[in-house]
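# An overview of the molecular structure
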Amino acid sequence: MTDTESNDETSSALDPSEVVQRHEQQLDDLLADVDEPTPRDDSPTLELAGLELNRRDFMKAGAATGAMAGLAGCSGNILGGGGDSTTSGSGDSSTPDHKVPPGEHDEYYGFWSGGQSGEIRVVGIPSMRVLMRIPVFNTEASRGYGYDDETAEMLEEAGDYTWGDNHHPVLSETDGDYDGEYLWVNDKANGRIARVNLKYFETDAMTDVPNVQSIHGCAAQSPDTGYIFGNGEFRVPLPNDGRDVNTPENYTSLFSAVNPQTMETEWQVEVDGNLDIVDTDKDGRWAIASSYNDEEGVTVSEMTKDDRDYVKAFDVPAIEEAVEAGDYREINGVPIVDGTRDSSLNQGDSPIVRYIPTPKSPHCVEVGPNGKYAFVAGKLSPTVTMLDIEALDSSSDPDDVVAGRPKVGLGPLHTTFDGNGHAYTSLYIDSQAAKWDIEAAVEAEAGSEDPIMEKVDVHYNPGHIQALEAMTTDPDGEWLVSLNKLSKDRFLPVGPIHPDNDQLIHIGQGDTEMEVVADHPAYPEPHDCVFAHKDKLDPAATWDKEDYADEKEFITQDDTRIERTGDSSVDVKMSSMRSEFGFKDFTVQEGDEVTLTVTNIEGVRDVIHGVAIPEHDVHLAIAPQDTREATFTVDSPGVYWIYCTYFCSALHLEMRSRMIVEPSD
Ligand code: CUK
Ligand code: CUA
């Protein structure tokens, strides 16, 4: 054996601890490199033909979009587009590349509701890559969610359900624009609203809204996130304690206003009929909700008997006044204001709720970017009804408040906007997206198809449709996603439960033909999504221990200890780092309730340690500088290896501790 360097590496004579040390050093060096603070504007700059444009410029400048395609290797002149992009179908030189090259970032965050999976998914746009999943109403082992004390308690206090059905993610706003702080989402199944902290991308609060069985529509009040509004969809007796079970005419739906900070329900409004989707105007006066079943039936034929239902416009300041004046009854601690038609608060010229007749079971309500109109899709009617929001102030007569009613196609469900005067409506029955001109629809007669500019086939049966920042006052256009409920034959077959199909559609600034550019299978079942430019968020790369200084201890190697707190309770506190836990082993007694607190003392990003305790249903996922806790009872004496689940270093497999449970006698 020659004494070369390479031989040294594998020499059995080498001290193993040296190998480990060297490895750790390499890892530290590597991590030191990536731990640099992220520059505020790190969008790559593309240089071509003397032009210097970053990706943001491309997204904003419709005329320059051809440059992206040229850059990505498509044929066509490098500054193409420019009003001459008449070709359609794939390869259109005006369509920028939606594929994001290795190492580059997407331009937008997309937040998808996960439907009956209960989670929120973070998706990069335009690549449509799923970047992360945030458990909300479900439990999720990978992130230790529902398996540590804090998240388990949060779920327990919000009703202790094991699943939820989230439909409508909404982002916090300051001055009518996304501030990147929080996201809220409803739970249709169990009447909850949860909050996700966008610094840590974690669910940090949840409330089980009193007096309702289901929350469907969910909206953050513009422009400064005054309330989170939730629509109680199913009519039930109030309170639902066994009274009125056989008198459906006495059931009721409630509109709820939740405080975004405390997550307490501040007030509710009782209405006639069901409540479906809700959006708010842009200056905080009106919350506008669609509804179906004004017939107040309990079977489908009863619910769809009439040819009209009523959109309900809630006058928020007027409701606040009624609450202040004590004009309510209190049930389960919440002031409930009577907003039914017969209520004394709805007589006279300024009713607190305006009931606006709208054709057959309207579904969505989306308020357009300039705040002038609310767009209400017909569902069972082939039209979108546009409500003039300013006119709501003085009337609920459709002659005064309906500004337009274009005929868009069959099964219209949701509408989105490009910020350049166009609306895009999903057509569930026709399996299409229809693009139309908003002001042309105001000019045209009701039921006219003239405002329709273009339709594109989607695959198949779309629900929500969403364009970049379409829910703000300044949408970015460029990309639109159609969230199709059925994928049928679009993917390799995976058995009888099919994925959905989220299709990416290029729309430019509304000046180009729509083009479907990508299919993306989606695990059942997203309903809605919302997009924010990446510069509006500022996620943490590691935890900051100051954020939990009052609640939990930060446990270093020196702080590692075991403390008996009672006859049969014990606290175990330890650190974790590559590649060892603070305790190599620790001993507890059979029957003990063990509270295990573990801190990840790493300072570098992306070195996460997991704590799994076989046979005790414990899993913690601890990011750098974070501390997590789990409490469990040790009923059976024996040896239990505690192991790390995140592949954190070359010695990850060796990263373990040993819990010894001594027999009690
Ligand atoms: S809803 Cu699902 S397609 Cu819950 Cu917004 Cu319309
Ligand atoms: Cu720590 Cu694997």
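Residues numbered from 1 in each chain as written. Chains lettered and ligands numbered in written order. Predicted model: local features only at pLDDT ≥ 70, side-chain atom pairs only at ≥ 80, totals over all residues. Heavy atoms only, no water.

A few words on the overall build of the protein. What the protein contains, in helices and strands, is 9 helices and 42 strands. Residues counted as buried form 55% of the 665 residues belonging to the protein. If you take every contact in the protein between residues at least 6 apart in sequence, the share linking residues at least 24 apart comes to 58%. Summed over its atoms, the accessible surface of the protein is roughly 28,300 Å², and 47% of this surface lies on carbon and sulfur atoms. (Helix = DSSP H or I, 4+ residues; strand = E, 2+ residues; numbered from the N terminus. Buried < 20%, exposed > 50% of the residue type's maximum accessible area, 1.4 Å probe, protein only. Contact = heavy atoms within 4.5 Å. Areas by Shrake-Rupley, 256 points an atom, 1.4 Å probe, with all protein chains shown as cover.)

Turning our eyes to something else, we now look at the nonpolar core. In terms of nonpolar packing, the biggest core is built from 27 residues, with Val588, Leu596, Val611, Ile613, Phe632 and Met659 touching the most fellow members. Of all elements in the fold, only strand S34 (569–577), strand S36 (585–589), strand S37 (593–600), strand S38 (609–613), strand S39 (618–622), strand S40 (627–633), strand S41 (638–643) and strand S42 (656–662) reach the threshold of two or more residues within this core. Not counting residues within four places of it along the chain, the set of residues in contact with Phe632 comprises Asp592, Glu593, Val594, Leu596, Ile613, His616, Val618 and Met659. (Core = buried A, V, L, I, M, F, W, Y, C linked by side-chain atoms within 4.5 Å.)

Turning next to the sheet that holds strand S16 (residues 308–315). Across a sheet, paired strands are connected by hydrogen bonds in the backbone, their directions being either parallel or antiparallel. The strand order S14-S15-S16-S19 describes an open sheet built from 4 strands, whose pairing is antiparallel. Edge positions in the open sheet fall to strand S14 (278–280) and strand S19 (353–359), since each of these has one partner strand only. Each strand of the sheet is rotated relative to its neighbour by a mean of 25°, with strand direction disregarded. Examined bridge by bridge, S14 and strand S15 (residues 286–289) share 3 bridges and lie antiparallel to one another. Directly across from Thr280, in S15, lies its bridge partner Ala287. Each of S15 and S16 is contacted by helix H7 (residues 316–324), which is oriented at about 65° to S16, the strand it contacts most. (Pairing = 2+ DSSP bridges. Axes fitted to C-alpha atoms, helices over the stretch in contact; angles between N-to-C directions.)

Right, let's talk about the sheet that holds strand S3 (residues 108–113) for a bit. Strand order in the open sheet formed by 4 strands is S5-S4-S3-S32, and the pairing between neighbours is antiparallel. Of all strands in the sheet, those bounded by a partner on one side alone are strand S5 (130–135) and strand S32 (529–533). Mean inter-strand twist for the sheet, computed between neighbouring axes without regard to direction, equals 20°. As judged from the 6 bridges shared by S3 and strand S4 (residues 119–125), these two strands associate in the antiparallel manner. Counted as the bridge partner of Tyr108 is Ile125 from S4.

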